[in-house]
Amino acid sequence: MNALYFSANFANLENKIAMILLDGKKISAEIKAELKKEIEKIKASGGKIPHLAAILVGNDGASETYVKSKVKSCQEVGFHSTLLRLKADISEAALLAEIQKMNQNPEIDGFIVQLPLPKHISENKIIENIAPEKDVDGFHPINIGRMTKNLPAYIPATPFGILQLLERYQIETTSKHCVVVGRSHIVGSPISILMARNAPIGNCTVTLCHSKTKDLSYFTQKADILIVALGKPEFIEAYMVKDGAVVVDVGITRLPDENSAKGYKIVGDVKFEEVAPKCSYITPVPGGVGPMTVVSLLQNTLFAAKKQVYLPNPF
Ligand code: GUN
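Conventions used here
Residues numbered from 1 in each chain as written. Predicted model: local features only at pLDDT ≥ 70, side-chain atom pairs only at ≥ 80, totals over all residues. Heavy atoms only, no water. Core = buried A, V, L, I, M, F, W, Y, C linked by side-chain atoms within 4.5 Å. Buried < 20%, exposed > 50% of the residue type's maximum accessible area, 1.4 Å probe, protein only. Helix = DSSP H or I, 4+ residues; strand = E, 2+ residues; numbered from the N terminus. Contact = heavy atoms within 4.5 Å. Lys, Arg positive; Asp, Glu negative; His and termini not counted. Salt bridge = Lys/Arg side-chain N within 4 Å of Asp/Glu carboxyl O. Pairing = 2+ DSSP bridges.

S.K.: Go over the nonpolar core with me, naming the residues and quoting the values.
M.R.: Core analysis: the biggest nonpolar cluster contains 51 residues, and Ile162, Leu166, Met195, Ile227, Val248 and Val250 have the highest contact counts within it. The element contributing the most residues to this core is helix 11 (residues 289–305), with 7 residues. When residues no more than four places from it in sequence are discounted, the contact partners of Ile227 are Ile162, Cys178, Val179, Val180, Val181, Ile191, Met195, Val248 and Val250. Residues Ile55, Leu86, Leu96 and Ile121 belong to the second largest nonpolar core, which totals 19 residues.

S.K.: Please provide a residue-by-residue account of the side chain of Asp257, values included.
M.R.: Checked against the element boundaries, Asp257 lands in the loop between strand 9 (253–256) and strand 10 (264–267). With no salt bridge to any partner, buried Asp257 finds its closest opposite charge in Lys265, at an N-O distance of 5.5 Å. Non-local contacts of Asp257, meaning those with residues more than four positions away in its chain, are made with Gly263, Tyr264 and Lys265.

S.K.: So, the pattern of salt bridges: which residues are in play, and what are the values?
M.R.: What the rule picks out here adds up to 12 salt bridges. In this structure, Glu38 engages Lys306 in a salt bridge whose closest nitrogen and oxygen atoms are separated by 2.4 Å. Of this pair, Glu38 sits in helix 2 (residues 24–44) while Lys306 sits in the segment after helix 11; the two residues are 268 residues apart in sequence, bridging distant segments of the chain. Classification of Glu38 as partly exposed rests on a relative accessible area of 28%. Here the residues in one salt-bridge network are Glu30, Glu34 and Arg168, joined through shared partners.

S.K.: Explain the pairing of strand 8 (residues 246–249) residue by residue, including any values.
M.R.: Residue alternation in strand 8 divides its side chains into two sets, Val246 and Val248 and Val247 and Asp249, and both sets are buried. Bridge count for strand 7 (residues 225–228) against strand 8 is 4 bridges, and the pairing is parallel. Considered in strand 8, the bridge of Ile225 is made with Val246. Pairing of strand 8 with strand 11 (residues 281–282) involves 2 bridges; the strand directions are parallel. Paired with Val246 across the bridge in strand 11 is Tyr281.

This is how it looks when you write it as structure tokens:
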């Protein structure tokens, strides 16, 4: 009896060990090395060095960290970068004027406006005024529309990063049930569209859940691929996840932590310790989706510099 009991437990343990980390830190380093090589070739042939600009309004701590990481990554791969810092009380009209300058500056290939913006500024109005061919965040309605129709377009950086992680780990997506939790314009909505597209990383049956979904765990338990972009720290618990699922955790929340020198720790939307043993693959936080977002933005900027993304002039 005892032996059987132990061997059953042991089999269970082996299952747990089969889990593979989707290592965004490693994959993003590989992609950065590829980008660096390409930039060296462009330099040698006298081509245009990609130039990414970022506009940061105000001094939100998290936005500050993200933008700094984007600028640092540009330097690592040999891109030019510009960071335009603007005061939190800048008027919408003055911000629009800065956007027009970037649209018209031939030196800048692509630029982003870091979100969220202060409440007095309309995010939609700002995004709609970015020239679609320089919108390397892929947030402009033209890029979203083209992406939805499976036409060449900039794919928003976080969803693009998730697709690349799935691709590099050769995760089969066709005919799988992908459940997305969160419907933001930055992640949840575009990744749900992308996972359903008729494309090599796609072809899923997609369920999009959000804050008004009734009985959320009913859906998450049915996911072969579970993508969580909710912004609620450690929200997804083990009972909500199917055995063998692929779990992609997009959450990045700073929680106070007196044991850390920084005074905070970064946690995802998934209770990693208890969920990971049930998974076939899972992203860690930090070191999963976060670094993939940054590197995907660089890839979009390279496309922009090479004018590789066909976009009609809407103006
Ligand atoms: N805020 C959080 N994520 C993003 C992003 O991918 N792009 C921009 N511009 N702002 C963000």
